[in-house]
Amino acid sequence: MIRSFLTVSTGTLASRLLGFARDSMIAALLGTGAVADAFLAAFQLVNVVRRLLSEGALNAALIPAWLRVRDRDGAAAAAAFAGRVLGTVSAALIAISILIALSMPLVITVIAPGFLGSGTLDRAVESARLMLPYLAFAGPVTVLMGLLNAQGRFALTAFSPLLFNIALIAAIAVLLAWHADASFAAWMLAATVGIAGLLQLLMLLSQRSAHLATPLRASFDKEMRGFFAKAIPGMIASSGPQWLIVAGAIIASATPSAVSWLYFANRLIELPLGIVGVAMGTVLVPELTRAVSSGDRDAVAHAESRALELAAGLALPATLGLVVLAEPIVRLLFEHGAFGAGDSAATAHALMWLALGLPAHVLIKALSPAFYARSDTMTPLLATAKGFVVAVALAVLLGHLFGTSGIAASIAAGAWSSALSLLRKGTSKFGFSVDASARKRLPRILLAAAAMGTLLWLTAGLVPAGAHGFIDFIVLGAQIAAGIAVYGLLLQILGAASWREAALALKRPVPHDRHD
């Protein structure tokens, strides 16, 4: 599992790094005014759809169902089942795209009520409509990626999302070189989103992955209705972090530039969350499904324990690093062009509060597969809904008192509400299996992360006042490198990680049905 986890995590890391480059260029191109708020509100809608369908979300429903059909009826029946899923998802998303396009003013008003009565609403509606073709391409892309993941073929699906960011970066580079007007630039970027989705689909089709889903046809028979009855709740639940950001944006839309500040702060949260979360959904769901189906309690405990260790090992140091180094990180990545010093300060304050919710997000990603593997998608959905309600309710109060930082704190509280709800439900329903090794390692991981956070805090004042650009890059890079080195060394000294064991895990052959 570690080998597959690292394959997916590496692809996700590459995609997230390109995403940072993309967002840094968007900040320089659009800044944080009305045009940026409108574009980012529309782009946020697309991001929710992306997370809803991809990055492990559809895996939660498709992989267990596909594996059951294959094991029960054979490969041909599994391909026919996948063909019906692919055809039905594609047809449904085309119809949904048309309906959303017609009702887009209402949709934007719901997710950004503060835009009502201003030109920002019209700009957001126009941008969102231009992005909608992406939705039609995202459906087949996600099904094909899920089928590849079900067979343990993780490499192609891990790296195909890079095309989305590459297409947008290329478009932004041209617009920056032409010194394009912000309104025209937002229009062109919105149109490029659909093209990026098409590129992903063409790449998967060029690898002949379509033969995994044949014959292709749309069907709403009893089997498909049952599949979607389980799939839709799981897909919504898997997009919990994005729904919480939407909850924050609903309140933030009444304050100029607040939507942009929250968006850019959340982008930094998505790097560690994506590395852990995507890999959890992509790798852990198939592992747990096989273990649960075979009734192998030891295999279930092993998968859940290693997932929790990996999640804690990445989430805890990332949280402390983002809290302590929020301002220099934001300044280095985003303070260019139209994105000023005031925007950096506001974004950094939001980032500090959002980062406190990162362990909760990762805990959700680690716990949810235990439900999905047992075909229970409603429990994670209810936990997500509870977190959404908590975030909105607190954002109304804290946003009024503390502005964007209060809204960010509300989002973090919503994440913890969801995580604790999921933990209680899982414990009462089937009990989470954490083995003795995990019980020994987790406190040591926490201690190593705390020591790393202390080091970063002690060195946080090393950046000279007013420093920017290259000096920021050198000092921040040295701090992060030192933090990683100290953390890794402490994990080894405390016995929380063994590099020899990790190397052996990477060399182990993958199971028979994996081909990458």
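A. Inspection of the overall build of the protein chain at higher detail. Scanning the protein chain from terminus to terminus reveals 22 helices and zero strands. Classification of the 516 residues of the protein chain by burial places 56% in the buried group. Nonlocal contacts in the protein chain, meaning residues at least 24 apart in sequence, comprise 86% of its contacts between residues at least 6 apart. Summing over all exposed atoms, the protein chain offers an accessible surface of approximately 20,600 Å²; the carbon and sulfur share of this is 70%.

B. Structural detail: the side chain of Ser24. Within the fold, Ser24 resides in helix H1 (residues 2-30). The residues touching Ser24, leaving out its near neighbours within four places in the chain, are Leu333, Phe334 and His336.

C. Region of interest: unusual backbone geometry. Of note, His179 is a non-glycine position whose phi angle comes to about 55 degrees, a positive value. Positive phi is not limited to glycine here, since Ser257 has a value of about 75 degrees. Position of Ser257 among the secondary structure elements: in the loop between helix H12 (240-252) and helix H13 (258-294).

D. Representation of H12 in the model. Taking 1.5 Å of rise per residue, 13 residues should cover 18 Å, and H12 covers 18 Å from first to last C-alpha, within 8% of that figure. The buried fraction of H12 amounts to 10 of the 13 residues, a majority that puts the element mostly inside the structure. Of the positions making up H12, those classed as buried are Gly240, Pro241, Gln242, Leu244, Ile245, Val246, Ala247, Gly248, Ala249 and Ala252.

E. Quick look at a nonpolar patch on the surface. The grouping of Ile94, Ile98 and Leu102 at the surface amounts to a nonpolar patch, some 320 Å² of accessible area in total. Note on placement: Ile94 falls in helix H4 (residues 75-102). Looking at Ile94, the relative accessible area reads 45%, which means it is partly exposed.

F. Highlighting the packing of aromatic side chains. Summed over all chains, the structure comprises nine aromatic pairs. Their ring planes at 90 degrees and their centres at 5.5 Å tell us that Phe264 and Phe339 sit as a pair that is edge-to-face. Remark: Phe339 occurs in the loop between helix H15 (326-334) and helix H16 (341-355) and Phe264 occurs in helix H13; sequence separation between them is 75 residues. A residue is classified by how much of its surface remains accessible, and Phe264, at 0% relative accessible area, is buried. Taken together through their ring pairs, the aromatic side chains of Phe39, Phe43, Tyr134, Phe164, Tyr263, Phe264, Phe334 and Phe339 make up a single cluster.

G. Molecular detail of the pattern of salt bridges. Considering all chains together, one arrives at nine salt bridges under this definition. Ionic pairing is found between Asp221 and Arg84, a salt bridge with its closest N-O pair at 3.6 Å. Placement of the pair is Asp221 in the loop between helix H10 (182-206) and helix H11 (222-238) and Arg84 in helix H4, with a sequence separation of 137 residues. Judged by its relative accessible area of 27%, Asp221 falls in the partly exposed class. When the shortest N-O distance is used, the salt bridge between Arg441 and Glu309 registers 3.1 Å. Placement of the pair is Arg441 in helix H20 (residues 436-458) and Glu309 in helix H14 (residues 297-324), with a sequence separation of 132 residues.

H. Spatial organisation of the side chain of Ser257. With relative accessibility at 14%, the residue Ser257 sits in the buried group. Apart from the residues within four sequence positions on either side, Ser257 is in contact with Thr32, Gly33 and Asp37.

I. Spotlight on the environment of Ile169. Here Ile169 lies in helix H9 (residues 162-177). With relative accessibility at 18%, the residue Ile169 sits in the buried group. The sequence separation of Ile169 and Gly19 amounts to 150 residues, and the corresponding C-alpha distance is 8.7 Å. Not counting the four nearest positions on each side in its chain, Ile169 is found in contact with Leu18, Ala21, Arg22 and Met25.

J. The confidence of the model for the protein chain, seen in detail. For the protein chain, mean pLDDT is 82; residues scoring 70 or higher make up 85% of the total. Mean pLDDT across the elements of the protein chain ranges from a minimum in helix H22 (residues 499-507), with 53, to a maximum in H16, with 93.

Rules behind the numbers
Residues numbered from 1 in each chain as written. Predicted model: local features only at pLDDT ≥ 70, side-chain atom pairs only at ≥ 80, totals over all residues. Heavy atoms only, no water. Helix = DSSP H or I, 4+ residues; strand = E, 2+ residues; numbered from the N terminus. Buried < 20%, exposed > 50% of the residue type's maximum accessible area, 1.4 Å probe, protein only. Contact = heavy atoms within 4.5 Å. Areas by Shrake-Rupley, 256 points an atom, 1.4 Å probe, with all protein chains shown as cover. Expected span 1.5 Å × (residues − 1). Patch = residues over 30% accessible without salt bridge, like charges linked within 9 Å, V, L, I, M, F, W, Y side chains within 5 Å. Salt bridge = Lys/Arg side-chain N within 4 Å of Asp/Glu carboxyl O. Phe/Tyr/Trp six-rings, centres within 6.5 Å; stacked < 30°, edge-to-face > 60°. pLDDT = per-residue confidence, 0-100.

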